[in-house]
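Structural overview
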Protein chains: 2
Amino acid sequence: MKLSEGVEAAIHCAAVLARLEDGRALPASALAELHGLSPSYLLKHLQALSGAKIFESLPGPNGGYRLARAPERISLLDIVLAVEGAEPAFRCAEIRQRGPGALEPTAYVKPCGIKVAMLRAEKAWRAVLAETKLSEIVAGYQAEADPRAVAFNCAFVGRHQRPQGRSFPKAPK
Amino acid sequence: MKLSEGVEAAIHCAAVLARLEDGRALPASALAELHGLSPSYLLKHLQALSGAKIFESLPGPNGGYRLARAPERISLLDIVLAVEGAEPAFRCAEIRQRGPGALEPTAYVKPCGIKVAMLRAEKAWRAVLAETKLSEIVAGYQAEADPRAVAFNCAFVGRHQRPQGRSFPKAPK
DNA sequence: CTTATTGCGGATAAATAATATCCATGATAT
DNA sequence: ATATCATGGATATTATTTATCCGCAATAAG
Ligand code: FES
Ligand code: FES
């Protein structure tokens, strides 16, 4: 059982965007460079996040990405589900219905107890992620990370952020 | 994020073995047939489980598998870890140390806050699995599954279980 | 002792998913 | 008009999962 490595990148990117001044955006190329990642691949995840309405994107020159809402209203679960997909990790293939002794499908209306137990565990996982907000991550970063790293990060963002100006498109017609 | 499909098979097999009479074993071929699975592949998982001391195996004719301890003392977490491996699902590649602005390694002794949050969620998942015992799964199965399925299962096991006889090897010399 | 059965472990193949790159397109600030 | 930048699809590359096979060791039964 593994989460794709894109999750780590996505959350780190979100944390960077959360520190942006109001109304500004950061191009994908800057996010990729800051984390030493391939721009082409990071784009995939950024697109997934903007498709999930967690990031907003602005095309054209001075374009880039920014958060679609306040960091207090973005949970780690939002990000993980956007990048990783919403299907549960435990996939029940209904093996109880296979092999000899299989009954007609109507005999299996009650879900398998094993499936129920596995999904209950997964629900606990999601609950913890849902109550961890991006704002807490950012606060923790500023409090605990090496001050030099924070300063560099801040300067890098300041250097690459787009000038305040255009408003983001609200509803595509 | 996905669990391998072998987890479902492993737990179902464990539930079957839990219903075996004391001291008896069931050959892998019977477990595979009962669930309509490929014997060759199921073996892989059975071996992982016996390597993890959750199942015991007895070679030779009249050999087979049985539980290594009482179902009350086997949790779903034990089974999942044996099949899936013990590494956490969230793999931190320390991307904070990459890109420009990377500092010397000693600046990163404190774990990344994102990693901490993700592992905390995973701990919650494991906690629920750890407190769900195989005995509960078996009890739930007998109470909720279609009586015909339970009866068939029971008869199938009775037909294939090995005669009581040999004791399992305790300590390989 | 011989034989048939069964688990063990390694090697390997096939299928699937994750990772990474590229390019044509459309939007838009200058 | 031009340059910048996100979008979306197509595609290559690699890793992981799934599945199969075969020789080996153990052992019960004849
Ligand atoms: S049939 Fe899928 S978990 Fe039991
Ligand atoms: S560096 Fe791995 S989660 Fe932050």
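Structure: above.
Residues numbered from 1 in each chain as written. Chains lettered and ligands numbered in written order. Predicted model: local features only at pLDDT ≥ 70, side-chain atom pairs only at ≥ 80, totals over all residues. Heavy atoms only, no water.

1. Let's talk about the pairing of strand 1 (residues 55–58) of chain A
All names here are of chain A. Our working rule: When DSSP locates at least two bridges between a pair of strands, those strands are taken to pair. Secondary structure follows DSSP: runs of H or I at least 4 residues long count as helices, runs of E at least 2 residues long count as strands, and numbering of each begins at the N terminus.
Here strand 1 runs beside strand 2 (residues 64–67); their pairing, made up of 4 bridges, is antiparallel. Within strand 2, the position partnered with Phe-55 by the bridge is Leu-67. A loop of 5 residues connects strand 1 with strand 2, the two strands running antiparallel in sequence, and Gly-60 in this loop sits at a positive phi of about 85°.

2. As for helix 3 (residues 39–51) of chain A
Residue and element names in this part refer to chain A. Just so we agree on the cut-off: Expected helix span is taken as 1.5 Å per residue step, with the number of steps being one fewer than the number of residues. Throughout, exposure labels follow a simple rule: accessible area from a 1.4 Å probe, protein chains only, divided by the maximum for the residue type, with under 20% read as buried, over 50% as exposed, and the rest as partly exposed. Working definition: the arc comes from the directions between the helix axis and the C-beta atoms, pointing outward to the latter. Residues are treated as being in contact if the distance between any of their heavy atoms lies within 4.5 Å.
Taking 1.5 Å per residue, 13 residues should reach 18 Å; helix 3 reaches 18 Å between its end C-alpha atoms and fits that length. For helix 3, the complete set of buried residues consists of Leu-42, His-45, Leu-46 and Leu-49. One face of helix 3 carries all of its buried residues, which in axial projection span an arc of 100°. Away from its buried face, by an angle of more than 90 degrees, helix 3 presents the exposed residues Ser-40, Lys-44 and Gly-51. Those residues of helix 3 hidden inside the fold are in contact with helix 1 (6–18), helix 2 (28–35), strand 1, strand 2 and helix 4 (76–84). Just beyond helix 3, the residue with positive phi is Lys-53, at close to 65°.

3. A word on the interface of chain A and chain B
For clarity, the cut-off: The working definition used for a salt bridge is a side-chain nitrogen of Lys or Arg within 4 Å of a carboxyl oxygen of Asp or Glu. Within 3.5 Å is the distance limit for a polar contact, defined as a pair of N or O atoms, with the added protein rule that one can donate a hydrogen and the other accept it, and that residues adjacent in sequence qualify only through two side-chain atoms. Three residue categories are used. Nonpolar comprises Ala, Val, Leu, Ile, Met, Phe, Trp, Tyr, Cys and Pro, charged comprises Asp, Glu, Lys and Arg, and polar comprises the others, including Gly.
At the interface, 54 residues of chain A touch 54 residues of chain B. At the junction of chain A with chain B, the criterion picks out 2 salt bridges. The salt bridge involving A:Arg148 is made with B:Glu104; its shortest N-O contact spans 3.0 Å. At the boundary of chain A with chain B, the tally comes to 16 residue pairs in polar contact (both at pLDDT 80 or more). Listing elements by their share of the side of chain A that touches chain B, those giving two or more residues are helix 1, helix 2, helix 4, helix 5 (113–131), helix 6 (134–144) and helix 7 (147–160) of chain A. Residues of the side of chain A that touches chain B, tallied by class, amount to 30 nonpolar, 8 polar and 16 charged.

4. Overview of the pattern of salt bridges
Tallied over the entire structure, the rule returns 12 salt bridges over all chains. Between B:Glu56 and B:Arg66 there is a salt bridge, with the nearest N and O atoms lying 3.0 Å from each other. Of this pair, B:Glu56 sits in strand 1 (residues 55–58) while B:Arg66 is found in strand 2 (residues 64–67), placing the two residues 10 residues apart along the sequence. For B:Asp146, the salt bridge goes to B:Arg148, with nearest N and O atoms at 3.0 Å. It is possible to trace a salt-bridge network through shared partners that takes in A:Glu104, B:Asp146 and B:Arg148.

5. Let's talk about the nonpolar core
Heads up, the condition is: Put simply, a nonpolar core is a bunch of buried Ala, Val, Leu, Ile, Met, Phe, Trp, Tyr and Cys residues held in one set by side-chain atoms that sit within 4.5 Å of each other.
Ranked by size, the top nonpolar core spans 100 residues in total, and within it A:Phe55, A:Met118, B:Phe55 and B:Met118 carry the most contacts. Ignoring sequence-local partners within four residues, the contact set of B:Phe55 consists of B:Ala10, B:Ala14, B:Leu17, B:Leu46, B:Leu49, B:Ser50, B:Tyr65, B:Arg66, B:Leu67 and B:Ala68.

6. Structural notes on the environment of B:Gly158
Residues and elements named next belong to chain B. Note that Gly-158 resides in helix 7 (residues 147–160). Taking the relative accessible area as the measure of exposure, Gly-158 reaches 46% and is therefore partly exposed. Linking Gly-158 and Asp-22, residues 136 residues apart in sequence, is a C-alpha distance of 12 Å.

7. Some points on helix 1 (residues 6–18) of chain B
End to end, helix 1 of chain B covers 18 Å across 13 residues, agreeing with the expected 18 Å (1.5 Å per residue, within 8%). Counting buried positions along helix 1 of chain B yields 13 of 13 residues, so the element is predominantly enclosed.

8. Quick notes on the packing of helix 2 (residues 28–35) of chain B against helix 7 of chain B
Residues and elements named next belong to chain B. Our working definition: For helices, the fitted line uses only the C-alpha atoms of the stretch in contact; every axis is such a line through C-alpha atoms, and the angle between N-to-C directions lies from 0 to 180 degrees. An angle counts as roughly parallel when it lies under 35 degrees, as roughly antiparallel when it exceeds 145, as roughly perpendicular when it falls between 65 and 115, and as oblique in every other case. Left-handed describes a crossing whose near helix is turned anticlockwise from the far helix through less than a right angle; right-handed describes the clockwise counterpart.
Orientation of helix 2 relative to helix 7, taken along the N-to-C sense of each, is 155°, at an axis distance of 11 Å. Comparing the axis directions of helix 2 and helix 7 gives the class roughly antiparallel. Helix-helix and strand crossings are classified by hand; for helix 2 and helix 7 the assignment is right-handed. From helix 2, Ala-30, Glu-33 and Leu-34 reach across to helix 7, where they touch Phe-152, Asn-153, Phe-156 and His-160. A breakdown of the residues in the contact of helix 2 with helix 7 according to their chemical character gives 4 nonpolar, 2 polar and 1 charged.

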